[in-house]
Amino acid sequence: MQPQVRNLNALIAELGKGTAGQKAQIDSDILRSEQSGAAQEQGLDAAQNREFGKIEQRASDKGMLFSGFSPDAQAEYTSTTYLPALAKLQEAIASTRAGLLGKKIDIDADVYGRAVGLRESDIAAKRNWDISEADRIAREREAERNRQFEAQQNALKIAAERSSSGSSGGGGGGPTAAQSFSAALGKVTGKDGYVGPGDYTKFKNQWISSGAGSAAQFDAAFSSFRNPKNKAYKLG
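Note that this is a predicted model, so its numbers are computed, not measured. (Residues numbered from 1 in each chain as written. Predicted model: local features only at pLDDT ≥ 70, side-chain atom pairs only at ≥ 80, totals over all residues. Heavy atoms only, no water.)

Draft legend 1. Geometry of the pattern of salt bridges. In the structure shown here, the tally under the stated rule is 14 salt bridges. A salt bridge links aspartate 108 to lysine 23; the nearest nitrogen and oxygen atoms lie 2.8 Å apart. Here the residue aspartate 108 occupies a position in helix H3 (residues 69–166), and lysine 23 occupies one in helix H2 (residues 20–61), the gap between them amounting to 85 residues. When its relative accessible area of 23% is taken as the criterion, lysine 23 is described as partly exposed. One connected set of salt bridges, linked through shared partners, spans Glu133, Arg136 and Glu140. (Salt bridge = Lys/Arg side-chain N within 4 Å of Asp/Glu carboxyl O. Helix = DSSP H or I, 4+ residues; strand = E, 2+ residues; numbered from the N terminus. Buried < 20%, exposed > 50% of the residue type's maximum accessible area, 1.4 Å probe, protein only.)

Draft legend 2. Quick peek at the nonpolar core. Phe181, Leu185, Tyr200, Trp207, Phe218 and Phe222 are the most contacted members of the largest nonpolar core, which totals 13 residues. Elements that contribute at least two residues to this core include exactly helix H4 (177–187), helix H5 (197–209) and helix H6 (215–221). Among all residues touching phenylalanine 181, those that are not within four sequence positions of it are Phe203, Gln206, Trp207, Ser210, Phe218 and Phe222. Core analysis: the second largest hydrophobic core is formed by six residues, Ile55, Ala73, Tyr77 and Tyr82 among them. (Core = buried A, V, L, I, M, F, W, Y, C linked by side-chain atoms within 4.5 Å. Contact = heavy atoms within 4.5 Å.)

Draft legend 3. Structural view of the packing of aromatic side chains. Within the structure shown, the criterion is met by nine aromatic pairs. A centroid spacing of 6.5 Å and a plane angle of 85° characterise the contact between phenylalanine 181 and phenylalanine 218, whose relative ring orientation is edge-to-face. One end of the pair, phenylalanine 181, is in helix H4; the other, phenylalanine 218, is in helix H6, with 37 residues separating them in the sequence. Each of the two residues, phenylalanine 181 as well as phenylalanine 218, counts as buried. For the ring pair tyrosine 200 and tyrosine 233, a centre distance of 5.4 Å and an interplane angle of 85° mean the geometry is edge-to-face. Taken together, the residues tyrosine 200 in helix H5 and tyrosine 233 in the segment after H6 connect sequence positions 33 residues apart. What makes tyrosine 200 buried here is its relative accessible area of 0%. (Phe/Tyr/Trp six-rings, centres within 6.5 Å; stacked < 30°, edge-to-face > 60°.)

Draft legend 4. Representation of the environment of aspartate 72 in the model. Looking at the element boundaries, aspartate 72 is found in helix H3. A relative accessible area of 55% means that aspartate 72 is categorised as exposed. Linking aspartate 72 and isoleucine 55, residues 17 residues apart in sequence, is a C-alpha distance of 9.8 Å.

In structure tokens, the structure reads:
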């Protein structure tokens, strides 16, 4: 059976089914990471609010509630503690997400590579099959040509023997009827190597009327002049 070259996208889709579980797990990990990050951000906000409250309380205890103490202390906490912690947390979240997405990309790249490999294997198998099939057809054609040639030679030999035995014996050495007709047919052979049905019938009638032999003998002797793909020849 002739090998088929599978469609690349179909192969990718088929192989991708086997990775659906892995990718779903990665998506789940990404979601958990984002949820954990959001919870930690809320924790940082809560810690900031608590610290701001403590700052306000200290200012109140010192009678500095309406001075610049509270805003300055809050700003310092925000810049030195809250924002660095928030930036570090967001960087960790982004890094985790990037790593997990990278795993998905690696999975897809592996699927694509395997699909390409399978398709290249299909192409190689198809190429080898085509070469083998072309070689087989060439051998069959050569065998058919040899068969036709041998059949023609045997028929010519039989026709020559019959023509020789039926002659009066005078002149020997001249061309036999089969040889003469073979030469005549050769002159009207087309570029495809075959004689047209009309010329073939004309020479067959001459063969019969000259007493060289029967229609069946003509067909057997000169089969190689008939195009096997043309069904217009009248045999018998």
